[in-house]
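# Notes for the structure review
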Amino acid sequence: MRSFADSNGDGLGDVGGLRARLPHLAELGVDALWVTPWYPSPMADGGYDITDHRDVDPRFGTLADVDALLEEAHGLGVRVVVDLVANHTSEQHPWFVAALAAGPGSAERGRYFFRDGRAGGDQPPNDWISAFGGPAWTRVTSPGGAPEQWYLHTFAPEQPDVDWSDPQVQQGYDDVVRFWLDRGVDGIRVDAAPAMAKAPGLPDAGHAPGARFDSHLWQDSPHWDVDEVHAILRRWRAISDGYPGDRAFVTEAVVHSAERLSRYVRPDEMHTTFNFDFLHAPWRAERLRQVIDATLAALRPVGAPPTWVLSSHDDPRHVTRYSREQPAERGGPVSGPADLAVGLRRARAATLLLLALPGGAYLYQGEELGLPEVEDLPVDALQDPTWERSGHTVRGRDGCRVPLPWSGEAPPFGFTATDVRPWLPQPPEWAALTVERQSADPESTLSLYRAALRLRRELPGLAGERFRWDDDGDGSVLAFTRGAGFGCLVNLGERPLPLAGRGVALLSSSPVTDELPPDTAVWLERDPAT
Ligand code: TEU
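Everything numeric here is computed off the predicted structure, so don't read it as measured data. (Residues numbered from 1 in each chain as written. Predicted model: local features only at pLDDT ≥ 70, side-chain atom pairs only at ≥ 80, totals over all residues. Heavy atoms only, no water.)

Next up on the list: the packing of helix α11 (residues 340-356) against helix α14 (residues 445-458). Helix-helix packing: each pair is described by the crossing angle between the helix axes and the interaxial distance. α14 packs onto α11 with a crossing angle of 10 degrees between their chain directions and a minimal axis gap of 10 Å. On the basis of their axis angle, the class for α11 and α14 is roughly parallel. Taken together, the residues of α14 that come into contact with α11 (itself represented by Leu344, Arg348, Thr351, Leu352, Leu354 and Leu355) are Thr445, Leu448, Tyr449, Ala452, Leu453 and Arg456. Residues of the contact of α11 with α14, tallied by class, amount to eight nonpolar, two polar and two charged. (Axes fitted to C-alpha atoms, helices over the stretch in contact; angles between N-to-C directions. Helix = DSSP H or I, 4+ residues; strand = E, 2+ residues; numbered from the N terminus. Parallel < 35°, antiparallel > 145°, perpendicular 65-115°, else oblique. Contact = heavy atoms within 4.5 Å. Nonpolar A, V, L, I, M, F, W, Y, C, P; charged D, E, K, R; others polar.)

The structure is reproduced here in structure tokens:
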């Protein structure tokens, strides 16, 4: 929301900017648009700290602007997905303000997790940690100034977790879901889904001192991916099934395994879920192949379509991730200097891989321009709560959130009015990466995305579920066939791969001759009989 396009000259993206730039999305060829939170918020966590889930922050526009956006997007054939943040509210939400005022033991505090501290009250109630660093508990003071109870926050202290066992919480969010479905949104993205249920009694998780929030490693955690979360998802699914049209949910769930993830998309739960294992896989053929296989195998029994994603507003952009020596495993040490030319080459190849896989693909704004992570933002520009919470050791997620470059030769590159500074500074060298510049260049990353998305709609082979690996006997190549004679070949090795006899090239991520160069992918039309 904040980084797409600004229409009112405050340096912050808004609904008006989104409306003005809808033709870019239609021309790109996307089916739907997911918008991060536009709700009233003190912006302690980029709008994921909400004071009113049924309104729009004046900095982003009005509900009337949203209605106009829905109408215009639908007119262009683009669906709209909104973000549902139901694990926590803002500390300035009326519920939390009332909870603080009402005091210990009150019904108002029952909507959150208020507990007495241990060791006479001075220690947090348990050892749970925050995703942004430090303990997941903050102590409040009574109106008289005395230290009092603690409250739970999986994310920043400005984002207290709600207690989903409270009927008022359940009812309150039912109303939020209905509010947006009534307004005509096509889908809902469920934020931080695995956090929404907690084990009864809030037992210790056994975190080591200084432990990181590595939720993909946690099994049987008392505060992540607890089975009771599925009752919440079923509740929402039952609501959305009562609406006309195809309304779809997508959950954000970074959990331990593809099998655990598949539980979020059982037939009476969510329709789809993000696939972070794919996003976090290093640029290595064997790792990507494992993730693809595990995803397909886990989702087949529950009958949900797989999804694939390379970047998000929470992760370093993949051009930069792929620009360094690749670790053997997810989360392994990343070493060496960044070679952004290599990173971009791999990113373009990864795009053809992503868009050739069966199921849905999610793109993060700016990846169609091949934007790199901005790793050298001045520290006084950083806004992600991670920076403060980590004691200035982890810079956080601002580097992937730098506003998009649309046109012109200098910042703000058409993102906002010429004399306005965007909320995060854009690198001057993005002059070469603007939408305007890349639209005019048939070899640009933008042109590649447009061509790939057009073919993805048109080619019959990409429409079905069919997927089969072609055994290439080479551990550094990914080669697979879809339906109707469509093939995809990705060379992750160091040597060129002969293309003779493999089919006719339809689209390639870098120029190909009779060989597929390293870090290049190609879509092929094959004889359907083979
Ligand atoms: O993120 C929640 C979350 O679980 C992520 O931090 C996840 O661990 C990460 O993406 C793994 O790659 C969501 C939003 O996407 C994020 O922007 C918010 O800060 C957070 O919820 C709190 O609302």
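Here we take up the pattern of salt bridges. Where charged atoms from two side chains of opposite charge come close, those side chains can pair. The final tally for this structure, using the stated rule, is 33 salt bridges. A salt bridge links Asp241 to Arg237; the nearest nitrogen and oxygen atoms lie 3.0 Å apart. Of this pair, Asp241 and Arg237 both sit in helix α6 (residues 229-241), separated by four residues, roughly a single helical turn. Asp241 sits in the exposed class, given a relative accessible area of 51%. On the basis of relative accessible area, Arg237 is assigned to the buried category, the value being 14%. Arg287 is the salt-bridge partner of Glu329, the closest N and O atoms lying 3.2 Å from each other. Residue Glu329 is found in the loop between α10 (318-321) and α11, and its partner Arg287 is found in helix α9 (residues 285-299); the two are separated by 42 residues along the sequence. Members of the salt-bridge network, linked through shared partners, are Asp45, Asp314, Asp384, Arg397 and Arg401. (Salt bridge = Lys/Arg side-chain N within 4 Å of Asp/Glu carboxyl O. Buried < 20%, exposed > 50% of the residue type's maximum accessible area, 1.4 Å probe, protein only.)

What follows concerns the sheet that holds strand β7 (residues 248-251). If you walk across this open sheet you meet the five strands as β1-β2-β6-β7-β8, and the pairing is parallel. Because the sheet does not close on itself, it has two edges, and the strands there are β1 (32-35) and β8 (272-273). Packing against the sheet, helix α5 (residues 167-183) makes contact with β2 (79-84), β6 (187-190) and β7, and its axis sits at approximately 165 degrees to β2. In this fold α6 packs onto β2, β6 and β7, with an angle of close to 160 degrees to the strand it touches most, β7. (Pairing = 2+ DSSP bridges.)

The next subject is the packing of aromatic side chains. By the definition in use, this model includes 25 aromatic pairs. Centroid distance Phe274 to Tyr362: 4.5 Å. Interplanar angle 55 degrees. Geometry classified as tilted. Residue Phe274 is found in the loop between β8 and α8 (276-280), and its partner Tyr362 is found in strand β10 (residues 360-362); the two are separated by 88 residues along the sequence. The class of Tyr362 is partly exposed, set by a relative accessible area of 22%. Plain terms: the ring middles of Phe467 and Phe480 are 4.9 Å apart, the flat faces sit at 40 degrees to each other, and that makes the pair tilted. Within this pair, whereas Phe467 is found in the loop between α14 and β11 (468-469), its partner Phe480 is found in strand β12 (residues 477-481), the two being separated by 13 residues in sequence. Across this residue pair, the class does not change: Phe467 and Phe480 are buried. Cluster of aromatic residues (ring-pair linked, three or more members): Trp95, Trp164, Tyr173, Trp236 and Phe249. Over the face of the ring belonging to Trp423 we find Arg2, whose NZ or CZ atom lies 3.9 Å from the ring centre. Over the ring of Phe114 we find Arg109, and its NZ or CZ is 4.3 Å from the ring centre. (Phe/Tyr/Trp six-rings, centres within 6.5 Å; stacked < 30°, edge-to-face > 60°. Lys NZ or Arg CZ within 6 Å of the ring centre and 35° of its normal.)

A separate point is the sheet that holds strand β13 (residues 486-491). Hydrogen bonds between backbone atoms are what pair the strands of a sheet, whose relative direction is either parallel or antiparallel. Spatially, five strands are ordered β11-β12-β13-β17-β15 in an open sheet, and the strand pairing comes out antiparallel. With partners counted over all chains shown, the strands left at the sheet margins are β11 and β15 (504-508), one partner each. Note: β12 against β13, five bridges, orientation antiparallel. Note that in β13 the partner of Phe480 across the bridge is Cys488. Sitting on the sheet, α11 is in contact with β12, β13, β15 and β17 (520-525), with an inclination near 35 degrees to β17. α14 rests against β15 and β17 of the sheet, and its axis sits at about 130 degrees to β15.

All right, on to the packing of α5 against α6 then. Relative to each other, α5 and α6 sit at 35 degrees, their axes nearing to 10 Å. Seen along the crossing, α5 lies across α6 with a hand that is right-handed. Along the contact surface, α5 presents Gln170, Gln171, Tyr173, Asp174, Val177, Arg178 and Leu181, while α6 presents Arg235, Trp236, Ile239 and Ser240. Classifying every residue of the contact of α5 with α6 by side-chain character gives five nonpolar, three polar and three charged. (Left-handed = near helix turned anticlockwise from the far one by under 90°.)

Next up on the list: the side chain of Glu252. In this structure, Glu252 sits in the loop between β7 and α7 (258-262). By relative accessible area, which is 12% here, Glu252 ends up buried. At 3.5 Å, the side chain of Glu252 forms a polar contact with the side chain of Arg189. Setting aside residues up to four positions removed in sequence, Glu252 forms contacts with Arg189, Val190, Asp191, Ala192, Ala193, Pro194, Phe274, Phe276 and Asp314. (Polar contact = N/O pair within 3.5 Å; in protein donor to acceptor, adjacent residues only side chain to side chain.)

Here β12 lies mainly inside the structure; five of its five residues are buried. Residue alternation in β12 divides its side chains into two sets, Val477, Ala479 and Thr481 and Leu478 and Phe480, and both sets are buried. Summarising the sheet, β11 and β12 pair through two bridges and their orientation is antiparallel. When the sheet's bridge partners are listed, Arg468 is paired in β12 with Thr481. Linking two consecutive strands that pair antiparallel, namely β12 and β13, is a turn of four residues; a positive phi of about 45 degrees is found at Ala484 within it.

Ranked by internal contacts, the top residues of the largest apolar core, which has 133 residues, are Trp38, Tyr173, Met196, Trp236, Phe278 and Trp523. A per-element tally of this core places α11 first, with eight residues. Residue contacts for Tyr173: discarding those within four places in its chain leaves His53, Leu84, Val85, Ala86, His88, Thr89, Trp95, Val162, Trp164 and Trp236. (Core = buried A, V, L, I, M, F, W, Y, C linked by side-chain atoms within 4.5 Å.)

A few words now on the site of the ligand. Lining the immediate surroundings of the ligand are 18 residues, of which Asp45, His88, Asp191, Asp314 and Arg397 lie closest. The separation between an oxygen atom of the ligand and a polar side-chain atom of Glu252 is 3.0 Å. The contact in question runs from an oxygen atom of the ligand to an N or O atom on the side chain of His313, over 2.9 Å. When the free accessible area of the ligand is taken as 500 Å², the share hidden by the protein chains comes to 91%. Residues that form the shell around the ligand fall into these classes: six nonpolar, four polar and eight charged. (Near = heavy atom within 4 Å. Areas by Shrake-Rupley, 256 points an atom, 1.4 Å probe, with all protein chains shown as cover.)

A few words on the pairing of β17. With five of its six residues buried, β17 lies for the most part within the structure. As defined by bridge partners, β13 adjoins β17 across six bridges and the pair is classed as antiparallel. Bridge pairing in β17 places Cys488 opposite Trp523. Relative to β17, β15 is paired through four bridges, and the arrangement is antiparallel. By the bridge assignment, Val504 is partnered in β17 with Glu525.

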